[in-house]
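Each chain is listed here by its residues.
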Amino acid sequence: MIEQNESYNRLDKRNHMKSIYINLKEEKNDAVLKQVGESVRKGEIILFPTETVYGIGANALDKNAVKKIYMAKGRQPDNPLIVHISDTRMLKELVEEPNETEQKLIDSFFPGPFTIILKRKKIIPNIITGGLDTVGIRMPSNLIAQKIIKYAGVPIAAPSANLSGKPSGTLLADIREEFEGKVSYMVDEGLAEIGVESTVVRVINQIPHILRPGKITAEQIKEKIGKVVIDEHILKKCDTEEVRSPGMKYRHYAPKTKCILVYSQNEQNLIEQINELIAKYKNVLVLGRTEHIQNYHTKNCIDIGNTKEEISKKIFTSLRKVDNFHVDLVIIEGVDKSGIGLAIMNRLIRACEYQYIEC
Ligand code: TXA
Ligand code: MG
């Protein structure tokens, strides 16, 4: 029991709700993680950190536990969940034998921000896969996530921790209210290291297809396998019928305030275009790069960082702030699409509901 545990002081009991808050920002504590893992095995659901974004997790082999995730998020039942493992030995039980290309991807990118779609075995409940005969498998590199899975002794099904449609949670403080009382534990490790969700890949005819871009880039996959295809829906609106990754067809990441994405390779053009929009709409907010914001003719700016790594880390927390400004338009600076830039643009273009100016 928590009460008998020396880590008791780290458990925030101010909220006499069902959710127990665990602060592991400074110190890691195995005894507490063991309890969290055991609660998962017993069918409870939790919020926990991964290197990409926070997850809301349940025992992947327990369909009633998994159902609680869909209810807590308000998630569409045809949008499948990723199953998280802590050891490749867990794979055998869950999926059919990977082919040569799939195995090479697993060897290259596990553990890490990478999800591979494989043919599932019957042990995976239908509720996880939304009726598909495949399942997404990921082995996180985050140590807390790994330990929770290990202590649970079962794979953990976990979508990003956010209400459906909202930006993914990268800071527990951003999502605590959304899930208060809905989960048994909330494990806080501070801001997630990467900030955008894992790269989702499916191998078709021995060629890796990127269904969702992430920190593991097209360039890295091509280097390992020799070939890579970027799904056409990554920067384009999906036609509901033909989408390969069901998650791509839903409204995602978008604040209530109207947003527009602006990008130019030429810095001067970018700044001029954004200042034109500011002059036209007046009551605006700009999400801009550190080195650019002093050039904008408005004080309403959120600094999203300079490098693509910084932007990736801050993008969801920044998007979560914009509705508080009560403006008519949010103007968001885009980035170039190389490396992790493709993942950032994939999330931003959805946040802006495909309102995009390239100049
Ligand atoms: O980084 C991440 O992947 C985070 C952390 C918590 O691991 N998880 C995450 O899960 O982003 P979620 O559910 O928010 O996104 C999973 C995406 C969705 O777009 C879903 O449609 C797709 O992966 N997906 C899952 N299983 C699939 C399958 N069998 N076939 C095609 N796409 C699948
Ligand atoms: Mg998600």
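Our subject is the structure that appears above.
Residues numbered from 1 in each chain as written. Chains lettered and ligands numbered in written order. Predicted model: local features only at pLDDT ≥ 70, side-chain atom pairs only at ≥ 80, totals over all residues. Heavy atoms only, no water.

A look at the pattern of salt bridges
Thinking step 1. All told, the structure shown has 13 salt bridges when counted by the stated rule.
Thinking step 2. Where K25 meets D188, a salt bridge forms, and the shortest distance between an N and an O atom there is 3.7 Å. Of this pair, K25 sits in the loop between β2 (20-23) and α1 (30-41) while D188 sits in strand β9 (residues 185-188); the two residues are 163 residues apart in sequence, bridging distant segments of the chain.
Thinking step 3. On the basis of relative accessibility, which here comes to 42%, the residue K25 falls in the partly exposed class.
Thinking step 4. Overall, D188 belongs to the buried group, its relative accessible area being 5%.
Thinking step 5. The salt bridge partner of E358 is K337, with a shortest N-O separation of 3.6 Å. Within this pair, whereas E358 is found in strand β17 (residues 356-358), its partner K337 is found in the loop between β16 (329-333) and α11 (341-351), the two being separated by 21 residues in sequence.
Thinking step 6. Connected via shared salt-bridge partners are K166, E178 and R320. (Salt bridge = Lys/Arg side-chain N within 4 Å of Asp/Glu carboxyl O. Helix = DSSP H or I, 4+ residues; strand = E, 2+ residues; numbered from the N terminus. Buried < 20%, exposed > 50% of the residue type's maximum accessible area, 1.4 Å probe, protein only.)

So, the side chain of S160
Thinking step 1. For S160, the position within the fold is in the loop between β8 (156-157) and α7 (172-179).
Thinking step 2. At 2.6 Å, the side chain of S160 and the side chain of N162 are in polar contact.
Thinking step 3. Ignoring anything within four residues of it in the chain, the contact list for S160 reads V53, Y54, I56, K73 and S168. (Polar contact = N/O pair within 3.5 Å; in protein donor to acceptor, adjacent residues only side chain to side chain. Contact = heavy atoms within 4.5 Å.)

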